[in-house]
Amino acid sequence: MPLDNPSVATPKTWDTTSTPAPTAAPPPAAPEPDHEPQPKAKRGWLGWVIALVLIAGLAWAKIKYFPSPNAEKDAGAKGGKGAAPGGKGGPGGKPKVPVQVYVVAATKLSDEVSSTGSVMADESVTIQSEISGKITSLNIQEGQPVRKGQLLFTINAADVQAQLRKQEYNIKLYQDQEKRERTLLAKEYISRQEYEQSNNALLTAQADLQALRVTLQKAYVRAPFDGILGLRNTSVGAYVSPGTAITTLSRVSPVKVDFNVPSRFAQSVRVGDPVMVTDEATTKKIEAKVYAINPQIDPVSRTLPVRAIYPNKNMELRPGGFVKVNLELGETAEALQIPTEAVVPVASGYTVFIVKKGKAKIQPVNIGVRSDKVIQITKGLAVGDTVIRTGILQVKADDKVSIQK
């Protein structure tokens with residue numbers, strides 16, 4: 001017997017006679033595939049690779065060309081304690097600079113000043129004419145000696161001689177006139193003024209005559225001193241003017257040697273000091289003597305002009321020549337000398353590098369007499385100091401050095 005359950009709904013039935021039964025619902029359709037492109041990533045793997053390559057390149061350039069100041073020290077610390085002490089590395093990491101040294105010792109030194117000089121004739125003059133005119137005679141033997149007062153050449157002076165004769169006649173006339181008026185003045189026939197006018201005319205004429213005689217003397221050119229004639233620059237018949245060079249006259253025995261001494265030796269030079277002169281042409285050495293010292297130091301070169309004299313009887317030196325001069329200033333028993341290449345000129349003077357506890361130190365010095373190989377140190381060094389003589393261009397202050405034999 002069926003139980004009546006009001007809560008259970010009776011299944012609905014369809015009347016197929018009037019209304020057809022509904023068909024089953026179709027299954028849900030499958031979603032169609034989405035063909036739209038996916039969005040790209042903001043930074044792809046290719047960009048990361050390029051960035052890494054650039055960073056690595058910059059880091060390599062920094063290490064290669066711009067090393068850190070502490071890089072060498074760090075490398076030395078990591079490299080171990082067994083680095084060779086002689087050159088490639090040390091406990092500090094920086095390589096030692098190989099150098100050669102010189103130990104300062106006291107030596108005997110002859111104080112000499114080396115300089116260059118020029119040879120000058122004792123007397124030299126250019127022979128010229130003082131008046132204009134044509135050369136009528138020429139008595140110049142080139143390269144030959146002449147005596148003082150010897151006639152060298154003459155200038156045509158016919159017009160001067162004519163004026164001279166004319167003036168002599170005028171003077172005779174003025175003398176007669178002055179004599180007559182002096183007699184008249186004594187008798188008081190003329191005034192004192194008239195006589196003075198006549199006397200003044202006579203004196204003026206005599207002065208003009210003297211001037212003409214001086215002009216006539218200028219037409220005859222003579223040697224002013226004993227010497228040797230140079231080459232002449234003109235011939236007989238040439239017209240010359242005042243200032244025209246005809247030839248030269250030189251006295252070459254003795255000769256003078258002009259040279260300069262540094263101002264720091266100015267107080268050591270004395271008249272009579274021996275001077276060793278070396279001729280550049282013949283390399284012959286001769287001894288001259290200082291005979292004149294300029295009272296002033298040249299403000300431009302800071303040197304003292306000095307002049308020596310040499311007899312030159314055998315014509316060893318020719319005027320105008322170039323010579324080397326060594327001036328002896330005395331002798332020092334305990335001089336400190338070092339090689340010339342060890343001295344470094346700087347703006348404030350001179351310095352050297354000395355070695356102390358294996359390191360290079362800069363030492364200012366004062367220099368004295370110098371030669372091609374050694375130079376005297378007057379202040380800044382002591383006996384026993386070790387001076388660096390090679391490798392100076394590579395050495396800096398406080399650099400460790402390795403002394404090479």
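Residues numbered from 1 in each chain as written. Predicted model: local features only at pLDDT ≥ 70, side-chain atom pairs only at ≥ 80, totals over all residues. Heavy atoms only, no water.

J.: It is not clear to me how the sheet that holds strand β4 (residues 133-138) should be interpreted in this structure. Could you clarify?
T.: Strand pairing in a sheet relies on backbone hydrogen bonds. The paired strands run either parallel or antiparallel. Across the sheet, which stays open at both edges, the four strands sit in the order β7-β6-β4-β9 with antiparallel pairing between neighbours. Across the chains shown, the open sheet's two edge strands, defined by having one partner strand only, are β7 (220-222) and β9 (239-240). In terms of strand pairing, strand β6 (residues 151-155) meets β7 through three bridges, oriented antiparallel. Its bridge partner being in β7, Phe-153 is matched across the sheet by Val-221. (Pairing = 2+ DSSP bridges. Helix = DSSP H or I, 4+ residues; strand = E, 2+ residues; numbered from the N terminus.)

J.: Please explain helix α4 (residues 192-218) as it appears in this structure.
T.: It helps to recall that an α-helix has 3.6 residues per turn; residues three or four apart then point in one direction. Counted at 1.5 Å a residue, the expected span for α4 with its 27 residues is 39 Å, and the 40 Å between its end C-alpha atoms agrees. For α4, the full list of buried residues reads Tyr-195, Ser-198, Leu-202, Ala-205, Leu-209, Leu-212 and Leu-216. On the buried face of α4, the contacting elements are α3 (158-186) and β7. (Expected span 1.5 Å × (residues − 1). Buried < 20%, exposed > 50% of the residue type's maximum accessible area, 1.4 Å probe, protein only. Contact = heavy atoms within 4.5 Å.)

J.: Just checking my understanding: could you explain the pairing of β4 for this structure?
T.: A regular strand carries its side chains on alternate faces of the sheet. In terms of strand pairing, β4 meets β9 through two bridges, oriented antiparallel. Residue Lys-134 lies in a different strand from β9, and its bridge partner there is Tyr-239. Bridge analysis of β4 against β6 gives three bridges, and the strand direction is antiparallel. Bridging across to β6, Ile-135 finds its partner in Ile-155.

J.: What should I look at first to understand the environment of Arg-251 in this one?
T.: By secondary structure assignment, the location of Arg-251 is in strand β10 (residues 245-262). C-alpha of Arg-251 to C-alpha of Pro-319: the two residues are 68 residues apart in sequence and 9.5 Å apart in space. For Arg-251, the contacting residues outside a window of four places in its chain are Ala-121, Asp-122, Glu-123, Phe-225, Asp-226 and Gly-227.

J.: Just checking my understanding: could you explain the pattern of salt bridges for this structure?
T.: Should their charged atoms come close, side chains of opposite charge can pair. Under the criterion given, the structure shown has 10 salt bridges. Arg-251 is the salt-bridge partner of Asp-122, the closest N and O atoms lying 3.4 Å from each other. Separated by 129 residues along the polypeptide, Asp-122 in strand β3 (residues 106-128) and Arg-251 in strand β10 bring together distant segments of the chain. Of the residues examined, Arg-251 reaches a relative accessible area of 27% and is grouped as partly exposed. With its nearest N and O atoms 3.0 Å apart, the salt bridge here joins Arg-389 to Glu-341. Of the two residues, Arg-389 sits in the loop between β19 (386-388) and β20 (401-403) while Glu-341 sits in the loop between β14 (322-339) and β15 (344-346), which places them 48 residues apart along the sequence. (Salt bridge = Lys/Arg side-chain N within 4 Å of Asp/Glu carboxyl O.)

J.: I keep staring at the nonpolar core and nothing clicks. Help me out?
T.: A general feature of soluble globular proteins is that nonpolar side chains tend to end up buried together. Counting residues in each nonpolar core, the largest one holds 26 residues, and the members touching the most others are Ile-140, Leu-152, Phe-153, Ile-155, Ile-246 and Leu-249. Here this core takes five residues from α4, the largest share from any one element. Setting aside residues up to four positions removed in sequence, Leu-249 forms contacts with Glu-123, Ser-124, Val-125, Ile-127, Val-146, Ala-223, Pro-224, Phe-225, Gly-227, Ile-228 and Leu-229. Listed in part, the 24 residues of the second largest apolar core include Phe-265, Ala-308, Val-323 and Val-369. (Core = buried A, V, L, I, M, F, W, Y, C linked by side-chain atoms within 4.5 Å.)

In short, the description is geometric, and any link to function would need to be established separately.
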